[in-house]
Amino acid sequence: MEMTGEQLIPLPQAEVWRGLIDPEVLKASIPGCEAIEKIADNEYKVELTAAIGPVKAKFKGKLVLSDIKAPNSYSLAFEGSGGAAGFAKGGAQVSLSPEGRGTRLRYSAKAIVGGKLAQVGSRLIDGVAAKTADDFFANFKATLAPQAAAAEAAVAIEEARARGGINPLWIVAGVIAAMLVISWLLGAPHYIS
């Protein structure tokens, strides 16, 4: 299996880099991750639970970072075993570059799976891998900078205002109105005659 992708993360490159090497950020970002423990320089023990179709297992393995060029890129190698469910091993290259006020993260990964995992079919494995990557980036952005979405919105509003297109007071009024409607729907009993 091979996979490539990229994400624009609305944070400076140094902050994104710190997140990519912080075990706690990675633990919170990797779907199903239960533990990441540093066992040596650039080497980590990893435990996670994963499900691919009917096969669900707890995997234990290690992750090794190499070819580190802070804060621009690194390579990683991983291998893990899920007991009777099978094994997975592979590697990835990750690179960062500044883009506007954010950071462009690019990756390419290759993996090999064996055992029961290999029997579920490559189409299912590819789909799960793509969803896992999407979930990782959503979690990574939320963990690294909960204000990232607010920062993106503030930049968009400021740019629109600079062009003379949007009055931010209307956006604030719209958000307040939406919050009032939601609280009314959630909090008040409603009767239909």
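Because the structure is a prediction, the values reported are computed rather than measured. (Residues numbered from 1 in each chain as written. Predicted model: local features only at pLDDT ≥ 70, side-chain atom pairs only at ≥ 80, totals over all residues. Heavy atoms only, no water.)

## Observations regarding the overall build of the protein
Next, step 1: From N to C terminus, the protein includes 6 helices and 7 strands.
Next, step 2: In the protein, of all internal contacts separated by at least 6 residues, the share reaching a separation of at least 24 is 49%.
Next, step 3: For the protein, the accessible surface area stands at approximately 11,900 Å², while carbon and sulfur atoms represent 60% of it. (Helix = DSSP H or I, 4+ residues; strand = E, 2+ residues; numbered from the N terminus. Contact = heavy atoms within 4.5 Å. Areas by Shrake-Rupley, 256 points an atom, 1.4 Å probe, with all protein chains shown as cover.)

## So, the nonpolar core
Where a protein is soluble and globular, its nonpolar side chains tend to be buried together.
Next, step 1: Counting 32 residues, the largest nonpolar core has Val 16, Leu 20, Tyr 74, Leu 105 and Phe 140 as the members making the most contacts within it.
Next, step 2: Beyond its immediate sequence surroundings of up to four residues, Leu 20 is in contact with Leu 26, Tyr 74, Val 94, Leu 96, Leu 105 and Phe 140. (Core = buried A, V, L, I, M, F, W, Y, C linked by side-chain atoms within 4.5 Å. Buried < 20%, exposed > 50% of the residue type's maximum accessible area, 1.4 Å probe, protein only.)

## A few points about the sheet that holds strand E6 (residues 87-99)
Next, step 1: Strand order across the open sheet formed by 7 strands is E1-E7-E6-E5-E4-E3-E2, with antiparallel pairing between neighbours. Two strands lie at the open edges of the sheet, namely strand E1 (2-9) and strand E2 (33-40), each paired on one side alone. Strand-to-strand twist in this sheet, taken as the mean axis angle between neighbours without regard to direction, amounts to 25 degrees.
Next, step 2: Relative to strand E3 (residues 43-52), E2 is paired through 6 bridges, and the arrangement is antiparallel. (Pairing = 2+ DSSP bridges. Axes fitted to C-alpha atoms, helices over the stretch in contact; angles between N-to-C directions.)

## Focus on the packing of aromatic side chains
Next, step 1: With the rule as written, the count across this model stands at 4 aromatic pairs.
Next, step 2: One aromatic cluster in this structure is built from Tyr 107, Phe 136, Phe 137 and Phe 140. (Phe/Tyr/Trp six-rings, centres within 6.5 Å; stacked < 30°, edge-to-face > 60°.)

## Description of the layout of surface pockets
Remark: the empty space left among the atoms is shown by a probe the size of a water molecule rolled over them.
Next, step 1: Volume-wise, the largest pocket comes out at about 1,300 Å³.
Next, step 2: Met 3, Ile 30, Leu 48, Phe 78 and Thr 132 are the residues nearest the centre of the largest pocket, which is lined by 43 residues in total.
Next, step 3: When contributions to the lining of the largest pocket are tallied by element, the ones reaching two or more residues are E1, E3, strand E4 (55-69), strand E5 (73-81), E6, strand E7 (102-114) and helix H4 (122-144).
Next, step 4: Among the elements that make up the lining of the largest pocket, the one with the highest residue count is H4 (8 residues). (1 Å grid on protein atoms, 1.4 Å probe; cavity = no way out; pocket = protein on both sides within 12 Å on 5 of 7 lines; lining within 4 Å. Points joined across faces, edges and corners; volume = space filled by probe spheres on them.)

## Concerning the pattern of salt bridges
Next, step 1: Scanning the model with the defined rule gives 9 salt bridges in all.
Next, step 2: A salt bridge links Arg 104 to Glu 6; the shortest N-O distance between them is 3.2 Å. With Arg 104 in strand E7 and Glu 6 in strand E1, this residue pair connects regions lying 98 residues apart in the sequence.
Next, step 3: As a salt-bridge pair, Glu 47 and Lys 58 come within 3.9 Å of each other at their nearest N and O atoms. In this pair, Glu 47 is assigned in strand E3 and Lys 58 in strand E4, connecting sequence segments 11 residues apart.
Next, step 4: Residues participating in the shared-partner salt-bridge network are Glu 6, Glu 99, Arg 104 and Arg 106. (Salt bridge = Lys/Arg side-chain N within 4 Å of Asp/Glu carboxyl O.)

## A short note on helix H1 (residues 13-21)
Next, step 1: Within H1, burial applies to Gln 13, Val 16, Trp 17, Gly 19 and Leu 20. What you see down the axis of H1 is that its buried residues fit within an arc of 160 degrees, all on one side. (Arc of directions from axis to C-beta.)

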